[in-house]
Amino acid sequence: MRHIPAAVLSCFEFDLCGRDIYRSTPVRLNNNLRERSFAMGLLADVRFRVKCAHRSSKLAAGVVQGLKKSVSLTLKALKWPPLMKELERLSRQLDASKACVRKIPPAVLDACFDLVFEFVDQPFPPLQRNYAPTEEIEEPFIITDIDGQIPDHFTEGVYIRNGPNPLFGGFKTTKSIMGQSNQLWIEGEGMLHALYLSKNSGDKRWTISYNNKYVESETFKLEKRRNKPSALPSIEGHPAAILSCYWLNLLRFGKANKDVSNTSVFELGGRCYAAAENHLPQEIDLLTLETLGEYDVNGAWNRPFTAHPKKDPVSGELIIIGVDAFKPYVELGVISADGERLVHKVDLQYKRRLICHDLGITQRYNVLLDFPLTIDVGRLVRGGPLIKYEGGEYARIGVMPRYGTSSSVRWFDVEPNITFHILNCFEDGDEVVVRGCRARQSIIPGPEMGLDKFEWFSRGFKPLKSTQGQNDGLSQDGSLFGRCYEWRLNTLTGEEFTGSRNKYGYTQVADSVASSAAGMPKFGGLAKLYLEEPDTGSEGVSSSLIKVKYHMFPENVFCTGAAFVPKPRGREEDDGWIISFVHNEAADISQVFIVDTKSFSSEPVAKLSLPRRVPYGFHGSYMPFPLQSSNLWS
């Protein structure tokens, strides 16, 4: 490691009664041993004072000062493995001490905090205007501006979409002596946007209303009471800044990151939940959008909860996974159909910390993804990013019986990639078929520090002139686009094949030109995938690609959160509609489009104009009426 000649540093520390332990004590770092010892001494000091935090509120200033000094100085010993382990142990201890730390008056911690950190708004470039947050409306709004007509046999229900919506005016950067940390788009507080479609019992006319509301997690309510940004972004930025933000969030809130609940909405046992990867789901009253509280399966599940759980269509059970930065890295659970019991839980024995956004199920199996988008505190301590896509590392897909153990998982090595979303999984003889959206690079967390962020995203969304070289891993151009891909996993021979076969699938279509220009993803249309039909092309010759029909929007119109609405008593798999929130950037108008999947390329059957701009977000669901307790979605 680099030698720092004759560096003289001073520390100002405080004991539990507020007296100086040592004032202006010079420490000469002439060799690695002293450097390491000093860093470890500071960490031990912070560790001791966190442990005893409940004994005096005067400790708060010392804790903050200790963190300032320890973070900046331990960066001198970043490449020492024992120090990395100590940092992890410290994080655990900070987490365990949250009950004690809560006894420190918040005003004391806030005063110390405000001396060190400054929140600065991150600017929204002109082409990213609809990523900016919107405000809550005071009460539901009746929709009367409808172009077209809601079909008479359309399913009554609620179309609801989740997405990030920062509470205090926009995404934030924090600046301090440790550097800066930036808030990612995925870190905005969750806001639900809901469209209610019901028929009057008398004249059968449609009544349509719109509502939106924040998902009010515990950290959301805390910041709202304080009426100012409080939780520090701790994913992207300078390593020292991320470490300090991580620790201070633990000290002040008992957790490293905010509970954003901004990614998806799902149903279980007649109840609605908003979810994100970093913590427990929040139960939502679907009629009012009020937050009812965290869902931990009656205390049986104590870790983060995937945004894409899967419901067994026969048993009604919900299959979930939860990832964590500490062992066990990934656990799988099976929840009873009524949502009251955790009937199965297993440590999957993953060898690395990773972000896993989705899982799949078949009639008998769970399908697991182990792809190299990793979380590594040790890498952060060494000066690298906390989250990184490691394309040179291994990737594999696991197939396990529904109630299996880690030893029953059959792993299949596949080409390294990033697959956030699975379209479908099913069994075909001895093979488990997995269809997902595969990309060569991860949009999360973005480029490493020092790279031009806008340029990096723009190149990742840059349109490709041909399909040649898409998967050579050498070019950044177009690497962020996910493309439909199929893996066929033979459970008898262990072989993995690729090819192309369910009948239909639906996806949003990225507008590569608009996305590249904005440096953020924009979806300019919808696609209907004919998964069992080859693309014959204009000359009628079959190819290795599948048939696709498109529903493209007008220029400068983009969508998010599209969902399929099946037709009541529909006879075919594609009997239904696609419903989606869309935004016209030229007119600055948000609408809901309803597209008939049987005439997919035609104009929407209805366009409903909304009273409030709906920012681009994440995932949507359609939940049919009646909205009544356990019979809600029966």
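A quick note: this is a predicted structure, and the numbers were derived from the prediction, not measured.

### Here we look at unusual backbone geometry
Right, on to step 1. In this structure, P328 follows K327 across a cis peptide bond, with omega equal to -5 degrees.
Right, on to step 2. Within the secondary structure layout, P328 lies in the loop between β19 (318–323) and β20 (330–335).
Right, on to step 3. Following I444, the chain continues into P445 via a peptide bond in cis, with omega recorded as 0 degrees.
Right, on to step 4. Tracing the backbone through its elements, the reader meets P445 in the loop between β29 (431–439) and α9 (453–460).

### A short note on helix α7 (residues 239–253)
Right, on to step 1. Between its first and last C-alpha, α7 extends 21 Å over 15 residues, near the 21 Å set by a 1.5 Å rise per residue.
Right, on to step 2. The buried fraction of α7 is high, at 15 of 15 residues.
Right, on to step 3. Directly beyond the C-terminal end of α7, a positive phi value near 80 degrees is found at G254.

### Considerations on the UniProt feature "binding site: Fe cation" (unreviewed entry) in the protein chain
Right, on to step 1. The positions that UniProt labels "binding site: Fe cation" (unreviewed entry) are, in the present scheme, H308, H357, H421 and H619.
Right, on to step 2. Locating H357 in the fold gives a position in the loop between β21 (342–347) and β22 (360–361).
Right, on to step 3. Aside from chain neighbours lying at most four places away, what touches H357 is T263, E277, T306, A307, H308, F420, H421 and H619.
Right, on to step 4. By the element assignment, H421 lies in strand β28 (residues 418–428).
Right, on to step 5. Every residue in contact with H421, bar those within four places of it in the chain, is listed here: H308, H357, D358, G436, C437 and H619.
Right, on to step 6. At 3.2 Å, the side chain of H421 and the side chain of H357 are in polar contact.

### Re the nonpolar core
Right, on to step 1. The biggest cluster of nonpolar side chains holds 32 residues, and the ones touching the most others in it are V330, L332, L348 and I397.
Right, on to step 2. If you list the elements that add at least two residues to this core, you get β19, β20, β23 (365–370), β26 (395–401), β27 (410–414), β28, β29 and β30 (483–490).
Right, on to step 3. Every residue in contact with L348, bar those within four places of it in the chain, is listed here: V330, E331, L332, L368, M400 and S406.
Right, on to step 4. Grouped together as the second largest cluster of nonpolar side chains are 22 residues, I143, W206, A606 and L608 included.

### What about the sheet that holds strand β12 (residues 206–214)?
Right, on to step 1. Sheet architecture is open: five strands sit in the order β6-β12-β11-β8-β39, paired in antiparallel fashion. Two strands close off the open sheet at either side, each with one partner strand: β6 (141–142) and β39 (620–624).
Right, on to step 2. Here nine bridges tie strand β11 (residues 190–199) to β12, and the two strands are oriented antiparallel to one another. Directly across from M191, in β12, lies its bridge partner Y214.

### Brief notes about the pattern of salt bridges
For side chains of opposite charge, pairing can occur when their charged atoms come near one another.
Right, on to step 1. This model, assessed by the stated rule, comprises 36 salt bridges.
Right, on to step 2. The shortest N-O distance in the salt bridge between K228 and D114 comes to 3.1 Å. With K228 in the loop between α6 (218–226) and β13 (236–237) and D114 in helix α5 (residues 106–116), the pair connects residues that are 114 residues apart, well separated along the chain.
Right, on to step 3. Exposure remark for K228: the relative accessible area of 28% places this residue in the partly exposed category.
Right, on to step 4. Here K345 and E331 are joined by a salt bridge, their closest N and O atoms 3.6 Å apart. Within this pair, whereas K345 is found in strand β21, its partner E331 is found in strand β20, the two being separated by 14 residues in sequence.

### Quick look at the sheet that holds strand β16 (residues 282–284)
Paired through backbone hydrogen bonds, the strands of a sheet run either parallel or antiparallel to each other.
Right, on to step 1. Pairing is antiparallel across the open sheet formed by four strands, whose spatial order is β14-β15-β16-β17. The sheet terminates laterally at β14 (264–268) and β17 (291–294), the two strands that pair on one side only. Neighbour to neighbour, the strand axes of the sheet diverge by 35 degrees on average, direction disregarded.
Right, on to step 2. Summarising the sheet, β14 and strand β15 (residues 271–275) pair through five bridges and their orientation is antiparallel.

### Re the side chain of N130
Right, on to step 1. Looking at the element boundaries, N130 is found in the loop between β5 (118–121) and β6.
Right, on to step 2. A distance of 2.9 Å separates a polar atom in the side chain of N130 from a polar atom in the side chain of R613.

### Focus: the environment of V367
Right, on to step 1. By the secondary structure assignment, V367 is in strand β23.
Right, on to step 2. Classification of V367 by relative accessible area gives buried; the value is 0%.
Right, on to step 3. With 43 residues separating them along the chain, V367 and R410 place their C-alpha atoms 9.7 Å apart.
Right, on to step 4. Not counting residues within four places of it along the chain, the set of residues in contact with V367 comprises L359, G360, T362, I397, G398, C425, V432 and V434.

The rules behind these values
- Residues numbered from 1 in each chain as written.
- Predicted model: local features only at pLDDT ≥ 70, side-chain atom pairs only at ≥ 80, totals over all residues.
- Heavy atoms only, no water.
- Helix = DSSP H or I, 4+ residues; strand = E, 2+ residues; numbered from the N terminus.
- Expected span 1.5 Å × (residues − 1).
- Buried < 20%, exposed > 50% of the residue type's maximum accessible area, 1.4 Å probe, protein only.
- UniProt positions renumbered as here; feature names shortened; annotations may be inferred.
- Contact = heavy atoms within 4.5 Å.
- Polar contact = N/O pair within 3.5 Å; in protein donor to acceptor, adjacent residues only side chain to side chain.
- Core = buried A, V, L, I, M, F, W, Y, C linked by side-chain atoms within 4.5 Å.
- Pairing = 2+ DSSP bridges.
- Salt bridge = Lys/Arg side-chain N within 4 Å of Asp/Glu carboxyl O.
- Axes fitted to C-alpha atoms, helices over the stretch in contact; angles between N-to-C directions.

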